[in-house]
Amino acid sequence: MRVLVALGGNALLRRGERPDADTQQENLRLSVTSLAKLAERHELIITHGNGPQVGVLALESTQDPNLTRPYPLDTIVAETQGMIGYWMLQALQNALPGRQVAALVTQTLVSAVDPAFEDPTKFVGEVYDQDEAEKLAREYGWTVKQDGRHWRRVVPSPAPQRVVETRLIRRLIRDDILTICAGGGGVPVIRNDKGQLQGVEAVIDKDLTGSVLAEALEADVFMMLTDVPRVARHFGTPRQEEIAHTTPYQLRAEEFPAGSMGPKVEAACRFVETTGDMAAIGRLDEAGQILEGEAGTIVTPNATWPLASTL
Ligand SMILES: Nc1ncnc2c1ncn2[C@@H]1O[C@H](COP(=O)(O)OP(=O)(O)O)[C@@H](O)[C@H]1O
Ligand SMILES: NC(=O)OP(=O)(O)O
């Protein structure tokens with residue numbers, strides 16, 4: 001089976017950990033164990049988040065006295081693809097000796113007039129208390145918003161339209177190369193009035209890009225791996241109820257938070273509605289069971305649809 005996996009932030013950083021390189025590399029070394037098992041049996045394409053890392057590099061660039069202006073976000077997303085791509089490449093090569101692995105810098109097309117440019121929603125970087133966040137916003141011209149109990153910087157997050165390097169990725173898959181791509185949702189680009197690719201200041205949601213890429217690559221399964229076992233109704237309340245199997249129709253009747261489960265549910269619905277194939281959301285260490293339909297939240301076109309693993 002062809003499986004596109006979108007790897008959540010906790011594979012790199014657990015809650016409360018400092019974003020040091022060695023911490024993230026060690027976390028990834030453990031995280032790739034379950035991916036390596038999948039890669040032995042399936043055609044795997046891997047994408048990953050970059051929200052915390054974009055924030056670290058953007059702040060570093062903002063505070064660099066040698067720069068006339070901070071590096072733009074498209075450049076910083078490319079930096080995170082290189083950095084996280086390198087960590088993942090090495091972890092996977094060490095877990096799968098002899099296997100060819102590639103980590104690509106890839107771009108994702110967005111619309112230049114996407115309304116998201118006027119309304120930043122994507123959380124990046126560290127969490128602050130309200131006073132500190134507002135001070136940084138004044139100092140650096142950031143927009144900050146509340147994220148649960150904390151405050152964080154937000155940046156525009158336009159809708160992904162297409163991964164520019166889709167054909168190249170397809171060729172790598174055909175050659176049995178385990179490919180890491182579209183990291184951090186991809187470097188956001190538009191086509192300018194001369195028809196040329198040009199970077200824009202944004203961070204695209206990796207799950208939404210994952211869904212677009214999974215469709216373009218004709219993946220059988222689109223799997224989003226995070227730190228909760230299943231999507232839940234009434235999450236975080238005494239009425240919490242985990243969802244084992246559902247459909248886009250049922251999911252669209254519920255509400256999920258914009259900064260976390262919302263984009264995952266939307267990405268799952270879009271993939272299933274467009275392709276008629278299976279999407280899933282669950283824990284990284286249960287990836288194998290999720291593919292068998294024994295863990296995670298499985299999303300299929302209808303309630304009686306056969307699981308991908310039984311086809
Ligand atoms: N209805 C829900 N069901 C399950 N988890 C939810 C729900 N609503 C919000 N969440 C939160 O969403 C988080 C996963 O989203 P996020 O942290 O953005 O993922 P990642 O960084 O792993 O891609 C979970 O850790 C959980 O706290
Ligand atoms: N780009 C992106 O969606 O990153 P996170 O998943 O880390 O927020």
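Residues numbered from 1 in each chain as written. Chains lettered and ligands numbered in written order. Predicted model: local features only at pLDDT ≥ 70, side-chain atom pairs only at ≥ 80, totals over all residues. Heavy atoms only, no water.

Can you help me understand the nonpolar core in this one?
For soluble globular proteins, the rule of thumb is that nonpolar side chains tend to be buried together. Formed by 34 residues in total, the largest nonpolar core has its most connected members in Leu4, Ile169, Leu213, Phe222 and Val265. Elements represented by at least two residues in this core include exactly β1 (2-7), α5 (166-174), α6 (206-216), β12 (221-226), α8 (261-275) and β16 (278-283). Among the elements that make up this core, the one with the highest residue count is α8 (seven residues). Excluding residues within four positions of it along the chain, leucine 213 makes contact with Leu4, Val163, Thr166, Ile169, Cys181 and Ala182. Membership of the second largest hydrophobic core comes to 33 residues, among which are Trp87, Ala280, Leu284 and Ile298. (Core = buried A, V, L, I, M, F, W, Y, C linked by side-chain atoms within 4.5 Å. Buried < 20%, exposed > 50% of the residue type's maximum accessible area, 1.4 Å probe, protein only. Helix = DSSP H or I, 4+ residues; strand = E, 2+ residues; numbered from the N terminus. Contact = heavy atoms within 4.5 Å.)

For this particular structure, what's the right way to read the site of ligand 1?
Around ligand 1 there are 18 residues in total, and Lys206, Thr226, Asp227, Ala232 and Lys264 lie nearest to it. Against a free-state accessible area of 570 Å², the protein chains account for coverage of 83% of ligand 1. Considering only residue class, the shell around ligand 1 consists of seven nonpolar, six polar and five charged. (Near = heavy atom within 4 Å. Areas by Shrake-Rupley, 256 points an atom, 1.4 Å probe, with all protein chains shown as cover. Nonpolar A, V, L, I, M, F, W, Y, C, P; charged D, E, K, R; others polar.)

It is not clear to me how the UniProt feature "domain: Aspartate/glutamate/uridylate kinase" (unreviewed entry) in the chain should be interpreted in this structure. Could you clarify?
Cross-referencing UniProt, the feature "domain: Aspartate/glutamate/uridylate kinase" (unreviewed entry) maps to residues 1-274 in the present numbering. Along residues 1-274 the backbone is 38% helical and 22% strand, and the end-to-end C-alpha distance reaches 18 Å. (UniProt positions renumbered as here; feature names shortened; annotations may be inferred.)

Would you take a moment to explain the site of ligand 2 for this structure?
Around ligand 2, the neighbouring residues are Gly49, Asn50, Gly51, Pro52, Lys122, Gly184, Val203, Ile204, Asp205 and Lys206. Within the backbone of glycine 184, one N or O atom sits 3.3 Å away from a nitrogen atom of ligand 2. In the model, a nitrogen atom of ligand 2 is placed 3.0 Å from a nitrogen or oxygen of the isoleucine 204 main chain. The fraction of the free accessible surface of ligand 2 (250 Å²) that becomes covered by protein chains is 89%. Per-class residue counts for the shell around ligand 2 are three nonpolar, four polar and three charged. (Polar contact = N/O pair within 3.5 Å; in protein donor to acceptor, adjacent residues only side chain to side chain.)

What is the right way to look at the pattern of salt bridges in this model?
Should their charged atoms come close, side chains of opposite charge can pair. For the coordinates displayed, the defined rule picks out 15 salt bridges. The residue lysine 145 makes a salt bridge to aspartate 119 at a minimum N-O spacing of 3.4 Å. In this pair, lysine 145 sits in strand β6 (residues 143-147) while aspartate 119 sits in the loop between β4 (107-109) and β5 (122-128), placing the two residues 26 residues apart along the sequence. For lysine 145, a relative accessible area of 29% puts it in the partly exposed group. Note that glutamate 254 and arginine 233 form a salt bridge whose closest N and O atoms lie 2.8 Å from each other. Of the two residues, glutamate 254 is situated in the loop between α7 (248-251) and α8 and arginine 233 in strand β13 (residues 232-233); the sequence distance between them amounts to 21 residues. Take glutamate 254: its relative accessible area is 28%, and that puts it in the partly exposed class. (Salt bridge = Lys/Arg side-chain N within 4 Å of Asp/Glu carboxyl O.)

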